[in-house]
Amino acid sequence: MDFQLTEEHLAVQEAAREFAQSELLPGVIERDEKQEFPTEQIKKMGELGFMGMMVSPDYGGGGMDTKSYVLAMEEISKVDASASVCMSVNNSLVCWGIEEYGSEDLKQKYLPQLASGQIIGAFCLSEPEAGSDATMQRTTAIDQGDHYIINGTKNWITNGNSASVHIIIAQSDVEKKHRGINALIAEKSWEGFTVGKKENKMGIRASDTHSLMFNDMKVPKSNRIGEDGFGFKFAMSVLNGGRIGIAAQALGIASGAYELSLQYAKERKTFGHEIAKHQAIQFKLAEMATKIEAARLLCLQAADLKDQGKNYAQASAMAKLYASQVAMEVSTEAVQIHGGYGFVKEYHVERMMRDAKITQIYEGTSEIQKIVIARGILK
Ligand code: CAA
């Protein structure tokens, strides 16, 4: 595996770092507190090419590889995980899914706006009774000839209100179980589409997570992604890539918390010395740095396999499982190193600790990642 970063990779990393520091850092605490979606910041991210990084230039995207995406996700997530989850869903689940499996018409119709951040997308799989067990879709998409009629409810949808385009996973033929599920693109403005309750969350509070309701919503058959019954496989496939994005998000939360801790340890004095001179703190920093490096390598390995066109389901699950664990551990240690300052909002690490938790839950819990990994091992 060649992890040598090219000039282009380094330029993307630098651009993302610069953007995060200058545009995301100001106001990040207030947005978290007020649960305020970073609308202006996401628009700028679109203009800079961060919302459709891997989309082909033919459809208005950056045409970059997955490694570039991992590097950018890490830098954005170091500062603002609410902005980065929006970026991750748009890039991995929505844009990549449409480009990989959508018809030419769908690509032409939706990708240029999605890739440039003029609009954003959402991926609607989870339901009150279909979280980990994604086959249990209660939302129905009934075939009516040239269109489907959709009824049902989706829960915990990232970008639920801010997205204009939603990929909805729904059951069309219950007899066929997961092979009767379809993936359909719907627009928020369509009749029968209602945005429901906004969740009041522990972390990533500035991202907008909503329930959605569909009441006799008509979706043209031409908006189906792939063949009839391909929806479940579509969802599993995009989640394989999505997990690389969330792994990189977790990596960014960990490295952001680590960098703040390192800086703090060099400034804060106790017992006559900077706390970085105390071995108790040195051991913590050494462990944090080692775990982050290992998580980064797993992220880059999964990205590299994807870029080479090899199977990356197991690698992306490993990256997500480990990086999310590291995000939780490192951000908790970061609060500990900061002591009382770590427990208050101004120092950022308490937010990072709250944000870290979701990386062990969404796009498949840690337990789901272990199922995916075990299946790969035992196959
Ligand atoms: N990649 C590709 N295909 C896969 C796959 C994978 N990782 N996992 C399963 N499949 C395919 C199988 O090959 C099988 O295909 P066939 O029809 O040809 O046999 C089909 O899908 C069904 O597979 P299983 O029988 O193995 O399915 P299962 O019911 O046992 O479930 C699971 C497998 C891994 C547990 C799956 O349900 C899963 O990943 N659940 C978690 C769902 C999830 O991640 N939800 C997150 C919501 S999205 C989100 O969080 C976005 C956000 O807002 C940030």
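Computed from a predicted model, the values in this text were never measured in an experiment. Numbering of residues starts from 1 in each chain and follows the order in which that chain's sequence is written. Predicted model: local features are reported for residues with pLDDT of at least 70 only, side-chain atom pairs are reported and counted for 80 or more only, and whole-chain, interface and lining totals are derived from all residues. For side-chain calculations, the full set of non-hydrogen atoms in the structure is used, while hydrogens and water are omitted.

1. Regarding the overall build of the protein
Put simply, DSSP marks the helices as runs of H or I at least four residues long and the strands as runs of E at least two long, and each gets a number from the N terminus on. Counting its secondary structure elements, the protein contains eleven helices and nine strands. Based on C-alpha atoms, the radius of gyration is set beside the globule rule, defined as 2.2 Å times the residue count to the power 0.38. Compactness check: the protein gives a C-alpha radius of gyration of 21 Å against a globular reference of 21 Å for 379 residues, within 12% of the reference. Taking all contacts inside the protein whose residues are at least 6 apart in sequence as the whole, residues at least 24 apart take part in 74%. Using a 1.4 Å probe, accessible areas were evaluated by the Shrake-Rupley method; residue-level cover was limited to the displayed protein chains. Looking at the protein as shown, the accessible area adds up to about 16,200 Å², and 52% of this sits on carbon and sulfur atoms. Residues count as neighbours in contact if any of their non-hydrogen atoms are within 4.5 Å of one another.

2. Re the site of the ligand
In these notes, residues near a molecule or strand are those with any non-hydrogen atom within 4 Å of it. By nearness alone, 23 residues border the ligand, and Ser132, Thr158, His178, Lys233 and Arg375 come closest of all. Pairs of N or O atoms are called polar contacts if they sit within 3.5 Å, as long as, within protein, a hydrogen donor faces a hydrogen acceptor (for residues adjacent in sequence, only side-chain-to-side-chain pairs). Separating an oxygen atom of the ligand from a side-chain N or O atom of Arg179 is a distance of 3.0 Å. One nitrogen or oxygen atom from the side chain of Lys233 is found 2.7 Å from an oxygen atom belonging to the ligand. Across the complex, the protein chains shield 76% of the 1,100 Å² of accessible surface that the ligand would expose by itself. For the shell around the ligand, the secondary-structure elements that each account for two or more residues are α5 (81–101), α7 (231–267) and α11 (366–378). Among the elements that take part in the shell around the ligand, α7 stands out by supplying six residues, more than any other. By the convention adopted, Pro, Cys, Tyr, Trp, Phe, Met, Ile, Leu, Val and Ala count as nonpolar, Lys, Arg, Asp and Glu as charged, and the other residues, Gly among them, as polar. Considered class by class, the residues forming the shell around the ligand number ten nonpolar, eight polar and five charged.

3. Things to note about the packing of aromatic side chains
In summary, the pairing rule links any two rings of Phe, Tyr or Trp, Trp by its six-membered ring, whose centres are within 6.5 Å, and it sorts them by plane angle into stacked for under 30 degrees, edge-to-face for over 60 and tilted for everything else. Counted by the stated rule, this structure contains nine aromatic pairs. Where Phe19 meets Phe50, the ring centres are 6.2 Å apart and the plane angle is 50 degrees; that geometry is what we call tilted. Pair noted here: Phe19 is in helix α1 (residues 7–24) and Phe50 is in the loop between α3 (39–47) and α4 (66–79), with a separation of 31 residues, a long-range link. Each member of the pair, Phe19 together with Phe50, is buried. The rings of Trp96, Tyr101, Phe230 and Phe234 are connected pair by pair, giving a single aromatic cluster. Working definition: with a 1.4 Å probe on protein chains only, accessible area under 20% of the residue-type maximum means buried, over 50% means exposed, and in between means partly exposed.

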